[in-house]
Amino acid sequence: MSSNSHEPESFAFNAEMLEKAKGYIARYPAGRQQSAVMPLLDLAQRQEGWVSRAAMEVIAEMLDMAPIRVEEVATFYTMYNRKPVGKFHVQVCTNLPCMLRGSDDVVAAAKAALGVGFGEMTSDGLFTLSEVECLGACVNAPMMQINDDYYEDLDAGSTKTVLDALKRGETPKPGPQNGRQFSCAAGGPSTLTELTFQTEKA
Ligand code: FES
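Residues numbered from 1 in each chain as written. Predicted model: local features only at pLDDT ≥ 70, side-chain atom pairs only at ≥ 80, totals over all residues. Heavy atoms only, no water.

Trainee: Would you mind going over the pattern of salt bridges with me for this structure?
Mentor: A side chain of one charge can pair with a side chain of the opposite charge when the charged atoms of the two come close. Scanning the entire structure with this criterion turns up nine salt bridges. Residue E7 pairs with R82 through a salt bridge whose shortest N-O separation is 3.2 Å. Taken together, the residues span a long stretch of sequence, with E7 in the segment before α1 (15-26) and R82 in the loop between α4 (67-76) and β1 (88-93) at a distance of 75 residues. Among the residues examined, E7 registers a relative accessible area of 14% and is labelled buried. Between R69 and E72 there is a salt bridge whose closest N-O contact spans 3.1 Å. Within this pair, R69 and its partner E72 are both found in helix α4, separated by three residues, close to a single helical turn. According to the relative accessible area criterion, R69 is partly exposed, its value standing at 47%. Taken together, the shared-partner salt bridges connect D42, R46 and D148 into one network. (Salt bridge = Lys/Arg side-chain N within 4 Å of Asp/Glu carboxyl O. Helix = DSSP H or I, 4+ residues; strand = E, 2+ residues; numbered from the N terminus. Buried < 20%, exposed > 50% of the residue type's maximum accessible area, 1.4 Å probe, protein only.)

Right, dumping it as structure tokens:
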């Protein structure tokens, strides 16, 4: 397996994660427990912030599969971090729809606010900045994912506002940052514009 300088010697799921892992494994028929590899990798990452080689070996053991098979999954999907990340993993989408809607400004604002480039962590360990492919929220482009939350309809100012709030220990509200309701048309609702609905026959 590949290694990096951060690799710990060992890994063990804590009691809570182990319980969840057993729950995932139990969802599959006997002999098919390998199907739980992705949720177990996710649990390891939620516990440690990333997926170490030691964690993959523990998962391989639990699922009775070769460690290389676990690593193949962990390295195929970019959602699994193969090295430690900051408390807040800021993933900025720069794919075409986001780029057309101004992701260059989001990237510049994020780099300026955090003082790091892509693939780097701030010295206080609070933020890691990553460039990612489409995150499936193009309708609210440009956007960035921070841990489990999507921040959408961004520009330079709102990107800085979100990141500054996190620095202060606040939890900025996820979703559109320009006042838009979910993925409503930018010009406002074009259907269902009246709030009264006829529920009975006249
Ligand atoms: S291109 Fe950015 S979310 Fe799809």
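Let us keep going from here.
Trainee: Sorry, what's going on with the sheet that holds strand β5 (residues 149-152) here?
Mentor: Paired through their backbone hydrogen bonds, the strands of a sheet run either parallel or antiparallel. Here we have six strands laid out as an open sheet, ordered β2-β3-β1-β4-β5-β6, and mixed in their pairing. This sheet does not close on itself; its edge strands, each paired only once, are β2 (120-121) and β6 (175-176). Note: β2 against strand β3 (residues 127-132), two bridges, orientation antiparallel. For E120, the partnering residue across the bridge sits in β3 and is L129. The sheet strands contacting helix α7 (residues 156-167) are β1, β3, β4 (144-146) and β5, and the helix crosses β4 at an angle near 5 degrees. (Pairing = 2+ DSSP bridges. Contact = heavy atoms within 4.5 Å. Axes fitted to C-alpha atoms, helices over the stretch in contact; angles between N-to-C directions.)

Trainee: It is not clear to me how α7 should be interpreted in this structure. Could you clarify?
Mentor: The terminal C-alpha atoms of α7 lie 17 Å apart, and with 12 residues this matches the ideal 16 Å at 1.5 Å per residue to within 8%. When α7 is considered as a whole, its buried residues turn out to be S158, T159, V162, L163, D164, A165 and L166. The inward-facing, buried residues of α7 abut β1, α6 (103-114), β3, β4 and β5. Its side-chain oxygen at 3.2 Å from the backbone nitrogen of G157, D155 defines the N-terminal cap of α7. (Expected span 1.5 Å × (residues − 1). Polar contact = N/O pair within 3.5 Å; in protein donor to acceptor, adjacent residues only side chain to side chain.)

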